[in-house]
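Commentary on secondary and tertiary structure
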Amino acid sequence: KMKTNKKNIVMEKALLLGILIVLICPLINAIGVGSIYSGSDNPLKLFPGEQKTVLLELQNWDSETTITLEGEILKGLEIASLKDSKTKVPYQQKIPVEMIVKAPADAKVGDIYNVEYVFRQVPGEETGGTISFVQSIVRNFDVVIIAEPTLEPTAPKETGMSTNTIILLIAFTFTEK
């Protein structure tokens, strides 16, 4: 009889956990932050003093209302800043956000800086006292300092007519008369 009670208690707890998961799942929303630069696998390459605008793409795929995402630079504040810290993201939309990244003028070729940033969902005011689950996503990418490209002089391009064209024109001129 003791083994049957333990089995029943375990089954009741598993059932309760399953019901709880089913009830909470609809409350979880999926947000996303995309960028072509990621970690050390796909770094941003800049030469000393160069500045680039990095486009981040904010996404809202599960919340059927417009949400607000707030961004913050966690690491690399000396080289990176977000143009807008708060952005409204409508349901099933991708919204671009600009991050300005500027390599220090005194950076050395081969230096690596890490930029880490987070976007957090700002709790909506429309929740009206209900429990609200907010999400956040942390991403990062490396900034690798490269040598400034040098402009090599190029050979002047030939312009004008080729020898064959000139001969044909002379021949055509003499045959016309």
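Everything discussed here concerns the structure shown above.
Here goes a summary of the coordinates provided. (Residues numbered from 1 in each chain as written. Predicted model: local features only at pLDDT ≥ 70, side-chain atom pairs only at ≥ 80, totals over all residues. Heavy atoms only, no water.)

In this structure, strand β4 (residues 67–75) lies alongside strand β8 (residues 112–122), joined through 7 bridges in antiparallel fashion. Considered in β8, the bridge of E72 is made with V118. Alignment of β8 against strand β9 (residues 136–145), held across 9 bridges, turns out to be antiparallel. Bridge assignment links F119 to a residue of β9, and that residue is I137. (Pairing = 2+ DSSP bridges. Helix = DSSP H or I, 4+ residues; strand = E, 2+ residues; numbered from the N terminus.)

What follows is about the packing of aromatic side chains. Considering all chains together, one arrives at 3 aromatic pairs under this definition. Taking the centre distance of 6.2 Å and the plane angle of 80° together, the rings of Y117 and F119 count as edge-to-face. On the basis of relative accessible area, Y117 is assigned to the buried category, the value being 1%. Here a set of aromatic residues connected by ring pairs shows up, and it is made of Y37, Y117, F119 and F141. (Phe/Tyr/Trp six-rings, centres within 6.5 Å; stacked < 30°, edge-to-face > 60°. Buried < 20%, exposed > 50% of the residue type's maximum accessible area, 1.4 Å probe, protein only.)

M99, V101, Y117, F119, F141 and V143 are the most contacted members of the largest nonpolar core, which has 28 residues in total. Sorting the residues of this core by element identifies β1 (31–34), β2 (39–46), β3 (51–60), β4, β5 (80–82), β7 (93–102), β8 and β9 as the ones contributing at least two each. (Core = buried A, V, L, I, M, F, W, Y, C linked by side-chain atoms within 4.5 Å.)

With that settled, consider the sheet that holds β4. Taken in spatial order, the 5 strands of this open sheet run β2-β9-β8-β4-β6, and their pairing is mixed. Each edge of the open sheet carries a strand with a single partner, namely β2 and β6 (86–89). Taken over all neighbouring pairs, the strand axes of this sheet differ in orientation by 35° on average, direction set aside. (Axes fitted to C-alpha atoms, helices over the stretch in contact; angles between N-to-C directions.)

The next point concerns unusual backbone geometry. You will see that Q92, though not glycine, has its phi angle at about 55°, which is positive. The topology assignment puts Q92 in the loop between β6 and β7.

If you trace the backbone, L77 turns up in the loop between β4 and β5. By relative accessible area, which is 59% here, L77 ends up exposed. Distance in space between the C-alpha atoms of L77 and V115 is 7.6 Å, their sequence separation being 38 residues.

Before going further, it helps to spend a moment on the pattern of salt bridges. If you walk through the whole model with that rule in mind, you get 3 salt bridges. As a salt-bridge pair, K94 and E57 come within 4.0 Å of each other at their nearest N and O atoms. Pair noted here: K94 is in strand β7 and E57 is in strand β3, with a separation of 37 residues, a long-range link. For E57, a relative accessible area of 33% translates into the label partly exposed. One salt bridge connects R120 with E72, and the closest N-O pair in it is separated by 2.9 Å. In this pair, R120 is assigned in strand β8 and E72 in strand β4, connecting sequence segments 48 residues apart. Accessibility expressed as a relative area gives 35% for R120, which makes it partly exposed. Overall, E72 belongs to the partly exposed group, its relative accessible area being 36%. (Salt bridge = Lys/Arg side-chain N within 4 Å of Asp/Glu carboxyl O.)

For the rest of this paragraph, the subject is the environment of D111. Mapped onto the secondary structure, D111 falls in the loop between β7 and β8. Looking at D111, the relative accessible area reads 28%, which means it is partly exposed. With 34 residues separating them in the primary sequence, D111 and I145 have C-alpha atoms 5.4 Å apart. Excluding anything up to four places from it in sequence, D111 contacts V143, V144 and I145. A distance of 2.9 Å separates a polar atom in the side chain of D111 from the backbone nitrogen of K108. (Contact = heavy atoms within 4.5 Å. Polar contact = N/O pair within 3.5 Å; in protein donor to acceptor, adjacent residues only side chain to side chain.)

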